[in-house]
Number of protein chains: 2
Amino acid sequence: MPSYTAPTKDLQFLLHDVLNVTTSDVPGYDELEAEFTGAVLEEAGKISSEVLTPLNAVGDTEGCRFENGVVYTPTGFKDAFEQMKEGGWTGLDMPEEFGGQNMPYVMGTAVGEMFSSANQAFTMYQGLTHGAASAILAHGSDEQKATYLPNMVSCEWTGTMNLTEPHCGTDLGMMRTKAEPQGDGSYKITGQKIFISAGEHDMAGNIIHLVLAKIVGGPEGIKGVSLFIVPKFMVNEDGSLGARNGVACGKIEEKMGIHGNSTCVMNYDGATGYLLGDEHKGMRAMFTMMNEARLGVGMQGLAQAEVAYQNALEYAKDRLQGRDVTGVKNPDGPADPLIVHPDIRRSLMDQKSFAEGARAFILWGATLIDAAHRKGDKDADGLVSLMTPVIKGFLTDVGYDMTVKAQQIYGGHGYIEEWGMSQFTRDARIAMIYEGANGVQALDLVGRKLAQDGGKYVMAFFELMRSFIKENSGDEAIDRDFMEPLKKASKDLQASGMYFMQNGLKNPNNALAGSTDFMHMFGHVCLGYMWARMALAAKAALDSGTSDKAFYETKLATGRYYMARHLPITAVHLARIETGAEPVMALEAANF
Amino acid sequence: MPSYTAPTKDLQFLLHDVLNVTTSDVPGYDELEAEFTGAVLEEAGKISSEVLTPLNAVGDTEGCRFENGVVYTPTGFKDAFEQMKEGGWTGLDMPEEFGGQNMPYVMGTAVGEMFSSANQAFTMYQGLTHGAASAILAHGSDEQKATYLPNMVSCEWTGTMNLTEPHCGTDLGMMRTKAEPQGDGSYKITGQKIFISAGEHDMAGNIIHLVLAKIVGGPEGIKGVSLFIVPKFMVNEDGSLGARNGVACGKIEEKMGIHGNSTCVMNYDGATGYLLGDEHKGMRAMFTMMNEARLGVGMQGLAQAEVAYQNALEYAKDRLQGRDVTGVKNPDGPADPLIVHPDIRRSLMDQKSFAEGARAFILWGATLIDAAHRKGDKDADGLVSLMTPVIKGFLTDVGYDMTVKAQQIYGGHGYIEEWGMSQFTRDARIAMIYEGANGVQALDLVGRKLAQDGGKYVMAFFELMRSFIKENSGDEAIDRDFMEPLKKASKDLQASGMYFMQNGLKNPNNALAGSTDFMHMFGHVCLGYMWARMALAAKAALDSGTSDKAFYETKLATGRYYMARHLPITAVHLARIETGAEPVMALEAANF
């Protein structure tokens, strides 16, 4: 049975040594003293390890059960959900006026990583609710906020997002679900939505569905899509629950993973809905929270990689198999532990250097979102919007690969469900797909974000790399191990951008054929940048005579590994990109 | 529900245009006329698509059932197994004297790919039997051959391989299963074996277990391991079945995939066993068939990649989503098919160029095995032994990645079990683990095979690349698209070997830290070599005015893609390798 220990120390290092949150002028950051954040993380880690982790395998094995329109969650989920509510974990970064704790988003993200590592399927129930509540917070009328938010912030009621239909996922302009105005401000919603996470379950008094639909008679395609609030139970004026609305779960899906979360077909049969935001502006309303939602999914990639790594590491230390070729390490035992073997070590270093780099990247992204939301910092907003597809696509692609590496360390035991390593890969797999499949992330990055505001944000990113390297050069070892590789990788990224500019106008496929390569190389540059920042922080701590030398020296060694063994891949991505559309598009579809 | 179409045309192209089997002087190859191989492949394709494919999802969903020591295979498996027996598919490359058809191994491999694509879990029952029968064929006494082989070749009886124990897999020297001589030539076998594929099931009259065990009083460690034949039912002198032997299945495992194959815990409780081959030479006997067994697993990596690709391709042609940015392709439909999108195309080209390259690599390897076995060609044996860990490790690592890519094309539907794409990834995952985990393959390659016979075979491999490029250069397009990239990749591989030689002596970890990188770059060079050979064959066909221009032009385009977009990765593997042991081994185990 896998275990999980929250990476509290690493998170504290990032918040305070690397990101220096308390020196930020973002409103609320002054309260993030190390003692305070340490206490929050400690408590979150405790509930993660003690309450959520033991339910992870239960959720996977039992799954959800569908009977007569009702979905039953796995044994123990209900109790755990109550504990999450009682602990106030559901509204950490929500406004106090609706019952939240008003902490910055960066704290919600740090804590969210723990919950996701411990139990991704379970954490999705509150994650989806958070997303739906954020949409109502951003676009709802005062009345809508008052009606729904207090119960959603506390997770008395949960929320969902309804986008996909059987014939359309990415291309939502083809949507068929319709909304008929009733003259009283309400609409009748009719249609079928699929892949609705937490669409129906037994842990909440009400479920508030946010549903994309087309108002009858509105514009064709994506421009005619509006967003609606459709409660499972109608809410009376006094806040009590009324009649059941015309929405029901038709079935739940059998999936590769996240069995503990119900993935529902939702049938809307003239259900009463209320417009959220403006008519025909549904996509815009849905996408207000996109950066956060996608960062949250990128975080899931990290979270599964982290917990899988922790367990692989334990196994590598415990399992005795073979001898260290450079000399026996465990002379009293029948063999040495796996961790003596260089190829096992390589795999563990891949996992460790990814997880710590990804964690830094995500928290940095979260501080940019806080700067955008709490301070109205447009540059931060532009930068994080540019990087959002990278955070989502790169971290979930690589995060998944890391769970596979972790599973591999177990040998045959990794394939047996009892050991739990298979679940990490099966659960991690979904993050590459939902919230915009990773190919769509790459398209968003290359087809939209690069050129946004005349390329302003990608220029700013390159300038950030340039000035960072310039300002922090001078130490021989740091330059050699961190700044030089970062400079090289950053140049490869710039050369790719240049290739797109010069060749994409002629034929956009010259850019799009390299979109996934570009997203991945961008990810490596970001992780390289974060490792350089972590290295500087570690060096500063060592120079100042820290008492925790091992921690900071380990940081430096782990960073060196990432820079030396992973950053060089940018050259290959560049080489692929520079082959352009021709090799990719050479075949007629019929000749495949 | 996924479908499968056997790649008969591609196999024929490889056998006849690329490998020119009929011109070989390997005994039996003269019979492999195109008409004959075409007829065999056609029939094998038919039974694969019509009988095995429909049972693939059944096997996954139902799995095997264990009740009171009996294992029940999924619905339909028994009937299908009868059809395989009746068709003579179980003994294709076995000697005629034991009921086989005496075809070369290359034919068994070509047909085996189809069966594995169609239903890996099912095909394992006969695959394991084939392996056990091969061991008896190579090491058994005449009496043992006569007793077991006819029924094993026909699959009236099936076979197993028993190596792993709970505390040891790779490190078999730690084995505890013991064999006590009974004075009558037989032994009493006692111990527990785990992960025994097809260890118990309801499709055969008898199960012949090959079991590694230590003869009491023999040498310590791996040098005291012997191989035994332990039948489930004793075999009487007249060939009829006698009493049940002291071996039983204790439980079957819940696994990530290959649910249709029973993975058994086998308990030996004083079971009667017969020495196969020499005392204390069990590992050697087991490993006689290693090249074949590992090539067979590498083939499974290809097989799952192939069937996953076929279904991803169908979906990409059918599913309408979004519009071609260079101009609408399906004006009468609500959207264009997925295949118009460059990033989808990239993924499909990755899959197609891998599958066709891997198929060529495997068949080439199989011809080398035939040359070694049928003609006693020691050079062929050395070369294929060198490449065996590459075939197994590289093709299963990349094959798995390809199933993940295929699944990704389905978006959310790829995660739902009903669509079948998840099963391909879950089934493909095991091939990276069993028959020696891929890290062990890399260790075998770098730690053993490179230096074998003074490095003779790796030198021969480099000489083969050099002379091939030299002899086939001269055409401008072929040189630019194939020979130059192959030369470059081959040089990177040579440089890696040089690094190992120069630095491995000082510290073997300098070589072992780069073992997986070396295995992968070796794989890319081999696939590059095969693509260059295929390109030459395609060009020759086009030059001679073939009527099937589209097929050969597609070959060239697919090969160009692989050379341009995949071969450059060798530079990164070299860069990683040249960082040596330091970054990999920098941390103390306690500091992870």
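Once a new chain begins, its residue numbering starts again from 1 and follows that chain's sequence as written. Chain A is the first chain written and ligand 1 is the first ligand written, with later ones labelled in order. Given that this is a predicted model, residues contribute local features only at a pLDDT of at least 70 and side-chain atom pairs are listed and counted only at 80 or more, while totals for whole chains, interfaces and linings are drawn from all residues. Values reported for side chains reflect all heavy atoms of the structure, with hydrogen atoms and water molecules removed beforehand.

**With respect to the relation of the copies chain B and chain A**
Defined as follows: When the copies are superposed, the least-squares fit takes in the C-alpha atoms of residues with a pLDDT of at least 70 in both.
Least-squares fitting of chain B to chain A yields an RMSD of 0.0 Å, with the transformation described by 0.0 Å of translation along the axis and a rotation of 180 degrees. Taken together, the rotation and translation describe the operation of a two-fold axis.

**Quick look at the pairing of strand β5 (residues 186-197) of chain B**
All names here are of chain B. Basically, it comes down to this: Relative accessible area decides the class of each residue, using a 1.4 Å probe on protein chains only: under 20% of the type maximum gives buried, over 50% gives exposed, and in between gives partly exposed. By the criteria applied, helices consist of DSSP H or I runs no shorter than four residues and strands consist of E runs no shorter than two, each listed in order from the N terminus. At least two DSSP bridges between two strands are needed for those strands to be called paired.
With respect to burial, β5 is a largely interior element, 9 of its 12 residues being buried. Taken together, the 4 bridges between strand β4 (residues 178-181) and β5 define a ladder with antiparallel strand orientation. Considered in β5, the bridge of Pro181 is made with Tyr187. Pairing between β5 and strand β11 (residues 263-275): 10 bridges, direction antiparallel. Bridge pairing in β11 places Ser186 opposite Tyr274.

**Considering the environment of B:Thr570**
Residues and elements named next belong to chain B. Note the threshold: Every residue pair with non-hydrogen atoms within 4.5 Å of one another is taken to be in contact. In protein, a polar contact means a hydrogen-donor-capable atom and an acceptor-capable atom, both N or O and within 3.5 Å, with residues adjacent in sequence counting only if both atoms are side-chain atoms; elsewhere, any N or O pair within 3.5 Å suffices.
Within the fold, Thr570 resides in helix α18 (residues 569-577). Along the primary structure Thr570 and Val525 are separated by 45 residues, whereas in three dimensions their C-alpha atoms are 8.1 Å apart. Sequence-distant contacts of Thr570, that is, excluding residues within four places in its chain, are made with Ala489, Asp492, Met521, His524 and Val525. Among the polar contacts made by the side chain of Thr570, one reaches the side chain of Asp492 at a distance of 2.9 Å.

**Here's the deal with helix α9 (residues 342-375) of chain B**
All names here are of chain B. Here is the rule we go by: A helix is expected to span 1.5 Å for every residue after the first.
Taking 1.5 Å as the rise per residue, α9 with 34 residues should run 50 Å; its terminal C-alpha atoms sit 48 Å apart, in good agreement. The element α9 is extensively covered by neighbouring structure, given that 31 of its 34 residues are classed as buried. Backbone geometry just downstream of α9 places Gly376 in the positive-phi region, at approximately 65 degrees.

**Digging into the pattern of salt bridges**
Oppositely charged side chains can form a pair if their charged atoms are brought close together. Selection criterion: What makes a salt bridge here is a side-chain nitrogen of Lys or Arg within 4 Å of a carboxyl oxygen of Asp or Glu, nothing more.
If you walk through the whole model with that rule in mind, you get 76 salt bridges over all chains. A:Asp377 is the partner of A:Lys375 in a salt bridge, and the nearest nitrogen-oxygen pair spans 4.0 Å. Here A:Lys375 falls in the partly exposed class, since its relative accessible area comes to 39%. We note a salt bridge from B:Arg576 to B:Asp517, for which the minimum N-O separation is 3.1 Å. Of this pair, B:Arg576 sits in helix α18 while B:Asp517 is found in helix α16 (residues 515-543), placing the two residues 59 residues apart along the sequence.

**Considering the environment of B:Phe394**
Structurally, the position occupied by B:Phe394 is in helix α10 (residues 378-409). The residues contacting B:Phe394, other than those within four sequence positions of it, are B:Pro389, B:Gly399, B:Met519, B:His520, B:Gly523, B:His524, B:Leu527 and B:Tyr562.

**As for the packing of helix α13 (residues 452-472) of chain B against helix α14 (residues 476-504) of chain B**
Residue and element names in this part refer to chain B. Short version of the rule: Axis definition: a line fitted to C-alpha atoms, over the contacting stretch in the case of helices. Angles run 0 to 180 degrees between N-to-C directions. Each angle is binned into one of four classes, with values under 35 degrees roughly parallel, values over 145 roughly antiparallel, values of 65 to 115 roughly perpendicular, and all other values oblique. Crossing chirality is assigned from the near helix's rotation relative to the far helix, an anticlockwise turn below a right angle marking it left-handed and a clockwise turn marking it right-handed. As a working rule, the residues Ala, Val, Leu, Ile, Met, Phe, Trp, Tyr, Cys and Pro are called nonpolar, Asp, Glu, Lys and Arg charged, and the rest polar, with Gly in that last group.
The interhelical angle for the contact between α13 and α14, taken along N-to-C directions, is 160 degrees, at an axis separation of 11 Å. Considering their axes alone, α13 and α14 lie roughly antiparallel with respect to each other. Crossing geometry of α13 relative to α14 is assigned as left-handed. Note on element contacts: α14 touches α13 through Asp479, Met483, Leu486, Lys487, Ser490, Leu493 and Gln494, opposite Phe461, Phe462, Met465, Phe468, Ile469 and Asn472. Along the lines of polarity and charge, the residues of the contact of α13 with α14 split into 8 nonpolar, 3 polar and 2 charged.

**Looking at the packing of α10(B) against helix α11 (residues 421-429) of chain B**
Residue and element names in this part refer to chain B. At their nearest, the axes of α10 and α11 sit 9 Å apart, and the two run at 170 degrees to each other. Accordingly, the angle class assigned to the pair α10 and α11 is roughly antiparallel. Contacts between α10 and α11 involve Tyr400, Thr403, Val404, Ala406 and Gln407 on the former and, on the latter, Met421, Ser422, Phe424, Thr425, Ala428 and Arg429. Class assignment of the residues belonging to the contact of α10 with α11 gives a composition of 6 nonpolar, 4 polar and 1 charged.

**Observations regarding the interface of chain B and chain A**
This is how the line gets drawn: Once two parts are joined, some of their accessible surface, as seen by a 1.4 Å probe, is lost; buried area is that loss totalled over both.
In this assembly, 91 residues from chain B lie in contact with 92 residues from chain A. The contact between chain B and chain A buries some 7500 Å² in all, and 61% of this surface belongs to carbon and sulfur atoms. Of all residues in chain B, B:Tyr415, B:Arg565 and B:Phe592 bury the most surface against chain A, accounting for 12% of the area lost on that side. The interface formed by chain B and chain A contains 4 salt bridges.

**Concerning helix α12 (residues 421-429) of chain A**
Across the 9 residues of α12(A), 9 count as buried, placing the element largely inside the fold. Restricting attention to buried positions, one finds in α12(A) the residues A:Met421, A:Ser422, A:Gln423, A:Phe424, A:Thr425, A:Arg426, A:Asp427, A:Ala428 and A:Arg429. Contacts made by the buried residues of α12(A) are with α3 (54-62), α6 (120-139), α9 (290-318) and α11 (378-409) of chain A together with α10 and α11 of chain B.

**A look at the domain arrangement of chain A**
Residue and element names in this part refer to chain A. Selection rule: Segmentation of the chain into domains, including their bounds, is taken from an automatic or database domain assignment.
Once the domains are mapped, chain A shows domain 1 (8-138), domain 2 (158-281) and domain 3 (446-592). Each of domain 1 and domain 2 has a C-alpha centre, and these two points are 25 Å apart. At the interface, 25 residues of domain 1 touch 23 residues of domain 2. Carbon and sulfur atoms supply 71% of the area that domain 1 and domain 2 bury against each other, a total of about 2200 Å² over both sides. Looking only at domain 1, the three residues that lose the most surface to domain 2 are Phe66, Val71 and Tyr125, adding up to 25% of its buried area. Linking domain 1 with domain 2 are 0 salt bridges, by the criterion used here. Elements with a minimum of two residues in the side of domain 1 that touches domain 2: α3, β1 (65-67), β2 (70-72), α4 (77-86) and α6. Broken down by element, the residue count for the side of domain 1 that touches domain 2 peaks at 10 residues, all from α6. For the side of domain 1 that touches domain 2, the residue count by class is 14 nonpolar, 7 polar and 4 charged.

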